[in-house]
Amino acid sequence: MSNQFRTTNSSGLINKNKIINFSFNGESLQGYEGDTLASALIANGVHLVGRSFKYHRPRGFLGAGVEEPNAMVQLHEGNRSEPNIMATEVELVEGLVANSQNCWPSVKFDIGEINNLLNRFFPAGFYYKTFMWPKSFWYKIYEPVIRKAAGMGIAPLNPDPDRYEHNYEHCDVLVVGSGPSGLASALAAAKNGAKVILAEDKAHFGGSLLNDDVTIGNMSGREWASDVISQLKNLPNVIVKNRSQVFGYYDHNMTVMFERVSDHIENPNKYTPRQRLHYIRAGEVIVSTGSIERPISFGNNDRPGILLASAAREYMKIYETLVGKKPIIFTNNDTAYSTALEFLKNNITPIILDTRNGSDGELVKEVQNLGVDIKFNSGIANTKGHLKIKSATIGKLDKEKENFISYEEVDCDCICMSGGWTPTVHLSSQAGNKLKFKEEIDAYIPDQKRQKETAIGAANGSYTLDQSLAEGFQVGFELSNKFTSNNSKTDTPSSKEPSFESHERLWCMPLPEGKKPKRFIDFQNDVAVSDVELALREGFRSIEHVKRYTTLGMAGDQGKTSNLNGLQYVSKIEKKIVPEVGHTTFRPPYTPVTIGTIVGREVGNHYLPTRKSPVHHWHEENNAVFVAAGLWVRPRYYPRGSETMSDAVNREAANVRKNVGICDVTTLGKIDIKGPDAPEFLNRIYTNAWMKLPVGKARYGVMLREDGMVMDDGTTSRLSENHFHMTTTTAQAANVLSHLEYYLQVVWPELDVNVLSTTEQWAGIAVAGPKSRELLSKLFPSDDLSNEGLPFMGLIDTKLGNIPARIYRISFSGELAYEVNVESNYGLHLWKKIIEIGSDFGVQPYGTEALSTLRIEMGHVAGPELDGRTIPFDVGLNGMVSQKKDFIGKRSLSKDAFVAEDRQTIVGLVPVDKKSKIPEGSHIVENDKAPTPNPKLGHVSSSCWSVEYNNPFSIAIMKDGKKQIGKTLYAVSPVKDISIPVEVVSSHYVDPKGERVRS
Amino acid sequence: MLEIKCPYCGKRSQNEFSYGGDGNIKRPPLGEEINTKDWDDFVYFRDNPRGKHTELWHHASGCRQWFKASRDTATHEIFATCKMNEDFNV
């Protein structure tokens, strides 16, 4: 029989006309529309949900919302599978699949429960104490075993198929929580004209008004809540969000909220995100997050069927679900009596145990007037029932309430406990608020704020409805007045609720005589009273240390139900008042958030922008294999037929040496520099001289950081008297621009110069090889491209048909070479023209690999040499350093270490066998058999297959490098277990005199 | 995430900016003799104060302007921002 635990009334918020099918541990069950997974399971009599973290004890539901520490399930299947989901937070949807976790082979029979029998061998700090030695056991034995046993659910192995989104919002007032104070403040602020966002975690607005029998104005609490929500929804300046949890409060009033957009929808639209992350920058934040009920520690207080009284009431009132039919209510305060009354409405008479000597509260009187016997001065000592609570040992307490004086065994199928209430101060604390302890309620409330945050209502320790509404309307009005000039105040309606007597300061029952059952404080981490006692006995005093040693208050629930009970117990043993013990720090997230939501749309290729050259499509069509170069995607090589990468790279590089090749160099950084002081500026930025560069000429330049390290290199051309075109490496383009801006704006604002990135505006194509002149002469027939007409490092402004073009005679390959620039939109046209005309000259495209090969053979330095750890001397660029002028970083070059005799320098390496490729990153040593630490002479920065000599060649940066030339040393790569004898040669392996580029 | 007022563009989120270090550092003038200690102080050594600190920020994903900010390094409160050629009005 299904749904046998339903109430007979229909005062809830579920729709009994719509049945929802779901499965739990393989069993098909039915619930109703509006149920949570928790309420539907309870309605079907299922209380055993999972096993506890450490002892694998059977566990059920403790709460009905975000506070739930026990009832965590593995939700969904396959790639959508999600571990550690609170069943209390899952709305029931057709076809939902949920399973128990942390148990094997089943939740009813779990092998891991042996930990419970052995619990005296698993005290607090067990891991810290046990696995310290022998040290070598850690990786191979302890860690794998612990890993296997640890954790709760199982993460799916494949990518999440769902869609998640991010959204940015700004508002004047953000109200977190839609209980009475939250609704009041949102209404007051909104009616005063402020831009308001109201966030509610649950599907329904109203918070405690959904559960409490109160009157506001002439409406019931529920009616008033829905009336306020409809008013708010009709205002254009208000965003109202349910299913939305504000889980983080960061600097400058940046809050983060996640919204469950379609988790509750059976068939969501394809592009509807599953969840959405909202970044909300709020002018003021109103924290109306309410309070959470506290459990009481007593023997075996963790059995399925033992839960918070407020949760039992919520299941009855909202979900029309009975947590049991033979209830015990166990309390130290008045609020649990409303749960008793709810049972009585359903013709169930609970046994009521109250630790206090008595109470004159209206609810207590009402229960008494219904003829129910209340056992004051009483408590629970122990419970029985392996997979579900069956009975309880209850007893009378002595005067000091430190011992039981009598015992009685009573049958029950649930225990509803209430230890009073804890204000939900998490967000205020995250915002930097220094909390203070409020004696009357025995709990911390927000005090000195650091940010623009105001706690109201129960979150502020104001537990009466009158107070909550008054604070809400007042604070909502006052804060909104900062943003509007309406000064329009909303009246606070009158309200009526029962009166309450105060609670008793008692959260831990004495042990039953002669027995030592576990009395749990923190259910999620299996921390019992005895663990806290042990920690204190072992000398842990700081509450932060007790927390870490026992794990009290850690993990997914962040101690929502356990923190204060833990503090209270420490203060009792230590004989200190709670404020002296202090409290642990609250950190985001308030509730667990899916990684998918945090990541949003930034997955896969959306993680970063992708930059493509205008020629990209041609590369794709011509079989290019691509490589990421920063954000850019560049052709690495263009394999033909069955060519391997090295075949293709060698062919492409050899063709440049023999005929002509073209390479897409659009990715190079380009910066336009203009202004009368531009030459002076370049003179300060670069190490070499720039004042006398003629118009129409390019010059190679090296720039340093102030610490003397090479920052970047490239050619810069003078287009006109006050106009220069700078190129940077692909990788450093953005940094160089910031660097130039820094010096112009911060250091030398007197220089009249402007800089602007033009990388995107120009497409660049390198044409390199002995036949490049012939090819370009055919492409630009009216231009004189002879060695006299366009000499090395010259440039001309011309046209390709009607298209403006620039031809620079610069070379990275060491061959006779040019770089042609046209506007980006014409890049593809230019490329295709060159390929078309070049077929007569044997033109072939070459990728970044051949580009590297060509420059390495020539000993041209690039990124691997200019790695931020080399000064010009190290990489053979000391000839570029002017002795006559000052420039950025020059003073550093005269530091002792930088002028040392045996300073590192760049050299070439050829393997002695002329065959072995030397891995980049290899270390150079004199003797590869020497014992470690073997002194390292340097490292291999770049390696290639020399197409000129047909053997491997590498560049290395080595201590006293020039003196090593001619020696045989070893390139060793311990990670690859390689040692290669190498001969040290000049880094200028091909054409050392540089005749080709000038030919 | 901080909210920073660019003196040119107005309030923007921190992810549009890059941090530029201590705003009190003055680069030694070009072409002047400077001893190694003073040079090293300029290149390497920075105070790490707790509290009010003048620092540089660059509106890198915005107007590309460098500017000064007076920020509390402990609380992250930003007291004022101003253009490079201005002084804080606090």
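S.K.: Would you mind showing me how to read the overall build of chain B here?
M.R.: Across its full length, chain B carries 1 helix and 6 strands. Along the chain direction, N to C, the helices and strands of chain B fall in the order β-β-β-α-β-β-β. C-alpha atoms of chain B, sized along the principal axes, occupy 40 × 30 × 25 Å. Burial status across chain B gives 39% buried among its 90 residues. The long-range fraction of contacts in chain B, counting pairs at least 24 apart against all pairs at least 6 apart in sequence, stands at 42%. Of the accessible surface of chain B, which amounts to about 5,300 Å², a share of 44% is contributed by carbon and sulfur atoms. Placing the 13 positive and 14 negative side-chain charges of chain B at their respective mean positions leaves the two points 7 Å apart.

S.K.: Looking at this structure, I do not really get the interface of chain B and chain A. What am I missing?
M.R.: Often the size quoted for an interface is simply the accessible area lost on bringing the parts together. Opposite the 26 residues of chain B that make contact, chain A presents 29 residues. With both sides pooled, the region where chain B packs onto chain A buries about 2,300 Å², and carbon together with sulfur makes up 53% of that total. Three residues, B:Met1, B:Arg27 and B:Leu30, lead the burial of chain B against chain A; their summed loss comes to 27% of the area buried on that side. At the junction of chain B and chain A, the tally comes to 4 salt bridges. One salt bridge connects A:Glu706 with B:Arg27, and the closest N-O pair in it is separated by 2.4 Å. Run the count over chain B and chain A and you get 16 residue pairs in polar contact (both at pLDDT 80 or more). For the side of chain B that touches chain A, the secondary-structure elements that each account for two or more residues are helix 1 (36–43) and strand 4 (52–58) of chain B. In terms of residue count, helix 1 of chain B provides more of the side of chain B that touches chain A than any other element does, 5 residues in total. Broken down by class, the residue content of the side of chain B that touches chain A amounts to 12 nonpolar, 9 polar and 5 charged.

S.K.: So what exactly am I meant to see when it comes to the nonpolar core here?
M.R.: Across soluble globular proteins, nonpolar side chains show a tendency to be buried alongside one another. Within the largest apolar cluster, 79 residues are counted, with the highest numbers of intra-cluster contacts made by A:Leu37, A:Tyr315 and A:Ile415. It is helix 8 (residues 336–345) of chain A that contributes the most residues to this core, 6 residues altogether.

S.K.: Just to check I follow, could you spell out the packing of aromatic side chains for this structure?
M.R.: The geometry of an aromatic ring pair is captured by the separation of the ring centres together with the interplanar angle, meaning the angle of the planes. Scanning all chains against the criterion turns up 19 aromatic pairs over all chains. For the pair A:Tyr168 and A:Tyr279, a centre-to-centre distance of 4.7 Å together with 10° between the ring planes defines the contact as stacked. With A:Tyr168 in strand 8 (residues 164–176) and A:Tyr279 in strand 15 (residues 275–287), the pair connects residues that are 111 residues apart, well separated along the chain. Ring centres 5.1 Å apart and planes at 35° place the aromatic pair A:Tyr743 and A:Trp748 in the tilted group. Neither A:Tyr743 nor A:Trp748 differs from the other in exposure class; each is buried. Connected via pairs of aromatic rings, a cluster forms that spans A:Tyr742, A:Tyr743, A:Trp748 and B:Trp66.

S.K.: Is there a simple way to explain helix 13 (residues 543–550) of chain A in this structure?
M.R.: Residues of helix 13 of chain A that are buried include every one of A:Ile543, A:Val546, A:Lys547, A:Tyr549 and A:Thr550, and no others. Following helix 13 of chain A by one or two positions, A:Thr551 has its phi on the positive side, about 70°.

S.K.: Looking at this structure, how should I read the side chain of A:Arg51?
M.R.: Residues and elements named next belong to chain A. Within the fold, Arg 51 resides in strand 3 (residues 50–51). Here His 56 takes part through its backbone oxygen, which lies 3.0 Å from a polar atom of the side chain of Arg 51. One polar contact links the side chain of Arg 51 to the main-chain carbonyl oxygen of Lys 108, over a distance of 3.2 Å.

S.K.: Explain the sheet that holds strand 43 (residues 817–823) of chain A to me, please; I cannot follow it from the model alone.
M.R.: Sheet strands line up and pair through hydrogen bonds in the backbone, either parallel or antiparallel. Residues and elements named next belong to chain A. Spatially, the 6 strands line up as an open sheet ordered 41-42-43-40-34-44, and their pairing is mixed. Across the chains shown, the open sheet's two edge strands, defined by having one partner strand only, are strand 41 (795–800) and strand 44 (844–845). Of the pairings in the sheet, the one linking strand 34 (residues 661–664) to strand 44 comprises 2 bridges and is parallel in character. Along strand 44, the bridge assignment pairs Ile 662 with Pro 845.

S.K.: What is the right way to look at a nonpolar patch on the surface in this model?
M.R.: Taken together, the side chains of A:Trp104, A:Phe109 and A:Ile111 present a nonpolar region at the surface, about 400 Å² in accessible area. Within the secondary structure layout, A:Phe109 lies in the loop between strand 7 (96–99) and helix 2 (114–117).

S.K.: For this particular structure, what's the right way to read the packing of helix 8 of chain A against helix 9 (residues 362–369) of chain A?
M.R.: Angle between the axes and distance between the axes: these two values describe a pair of packed helices. Residues and elements named next belong to chain A. Running from N to C, helix 8 and helix 9 point in directions that differ by 30°, and their axes come no closer than 9 Å. Considering the angle they form, helix 8 stands roughly parallel to helix 9. Handedness of the crossing formed by helix 8 with helix 9: left-handed. Where helix 8 approaches helix 9, its residues Tyr 337, Ser 338, Ala 340, Leu 341 and Leu 344 are matched on the opposing element by Leu 363, Val 364, Glu 366 and Val 367. A breakdown of the residues in the contact of helix 8 with helix 9 according to their chemical character gives 7 nonpolar, 1 polar and 1 charged.

S.K.: Help me out: how do you make sense of the sheet that holds strand 38 (residues 723–728) of chain A in this one?
M.R.: All names here are of chain A. If you walk across this open sheet you meet the 5 strands as 36-37-38-35-39, and the pairing is antiparallel. Both edges of this open sheet fall to strand 36 (698–704) and strand 39 (754–757), since each of them pairs with a single strand only. Ignoring strand direction, the axes of neighbouring strands in this sheet form an average angle of 25°. In this sheet, strand 38 lies alongside strand 35 (residues 669–674) in antiparallel orientation, the contact comprising 6 bridges.

S.K.: What am I meant to see in the pattern of salt bridges here?
M.R.: It is possible for side chains of opposite charge to pair when their charged atoms get near one another. Within this structure, the stated rule accounts for 58 salt bridges over all chains. With a shortest N-O distance of 3.8 Å, B:Glu3 and A:Arg281 are connected by a salt bridge. One end of the pair, B:Glu3, is in strand 1 (residues 3–6); the other, A:Arg281, is in strand 15, on a second chain. Its relative accessible area of 21% is what places B:Glu3 among the partly exposed residues. According to the relative accessible area criterion, A:Arg281 is buried, its value standing at 5%. Taking the shortest distance from any N to any O, the salt bridge between A:Lys384 and A:Glu409 comes out at 3.7 Å. In this pair, A:Lys384 is assigned in strand 21 (residues 378–384) and A:Glu409 in strand 23 (residues 404–411), connecting sequence segments 25 residues apart. Under the relative-accessibility criterion, A:Lys384 is labelled partly exposed at 45%.

S.K.: Looking at this structure, how should I read the pairing of strand 7 of chain A?
M.R.: As a general feature of sheets, a regular strand has side chains that alternate between the two faces. Here 3 bridges tie strand 1 (residues 15–24) of chain A to strand 7 of chain A, and the two strands are oriented parallel to one another. Paired with A:Phe22 across the strands is A:Leu96, a residue of strand 7 of chain A.

S.K.: Is there a simple way to explain the side chain of A:Asp442 in this structure?
M.R.: Residue and element names in this part refer to chain A. For Asp 442, the location among the structural elements is in the loop between strand 26 (434–438) and strand 27 (443–448). Of note is the side chain of Asp 442, whose polar atom sits 2.7 Å from the side chain of Arg 505. Those residues in contact with Asp 442 that lie beyond four places of it in its chain are Arg 294, Phe 437, His 503, Arg 505, Trp 507, Leu 564 and Gln 568.

S.K.: Explain helix 1 of chain B here, please?
M.R.: Residues spaced three or four apart along an α-helix point in a common direction, a consequence of the helix completing one turn every 3.6 residues. Residue and element names in this part refer to chain B. Regarding helix 1, the residues found buried are Trp 39, Asp 40, Phe 42 and Val 43. The buried side chains of helix 1 occupy one side of the element, clustering within an arc of 160° when seen end-on. You can read the cap of helix 1 off the contacts: a side-chain oxygen lies 3.1 Å from the backbone nitrogen of Lys 37, and it is on Asn 35.

Parameters and conventions
Residues numbered from 1 in each chain as written. Chains lettered and ligands numbered in written order. Predicted model: local features only at pLDDT ≥ 70, side-chain atom pairs only at ≥ 80, totals over all residues. Heavy atoms only, no water. Helix = DSSP H or I, 4+ residues; strand = E, 2+ residues; numbered from the N terminus. Buried < 20%, exposed > 50% of the residue type's maximum accessible area, 1.4 Å probe, protein only. Contact = heavy atoms within 4.5 Å. Areas by Shrake-Rupley, 256 points an atom, 1.4 Å probe, with all protein chains shown as cover. Lys, Arg positive; Asp, Glu negative; His and termini not counted. Charge placed at Lys NZ, Arg CZ, Asp CG, Glu CD. Buried area = accessible area lost by both parts, 1.4 Å probe. Salt bridge = Lys/Arg side-chain N within 4 Å of Asp/Glu carboxyl O. Polar contact = N/O pair within 3.5 Å; in protein donor to acceptor, adjacent residues only side chain to side chain. Nonpolar A, V, L, I, M, F, W, Y, C, P; charged D, E, K, R; others polar. Core = buried A, V, L, I, M, F, W, Y, C linked by side-chain atoms within 4.5 Å. Phe/Tyr/Trp six-rings, centres within 6.5 Å; stacked < 30°, edge-to-face > 60°. Pairing = 2+ DSSP bridges. Patch = residues over 30% accessible without salt bridge, like charges linked within 9 Å, V, L, I, M, F, W, Y side chains within 5 Å. Axes fitted to C-alpha atoms, helices over the stretch in contact; angles between N-to-C directions. Parallel < 35°, antiparallel > 145°, perpendicular 65-115°, else oblique. Left-handed = near helix turned anticlockwise from the far one by under 90°. Arc of directions from axis to C-beta.

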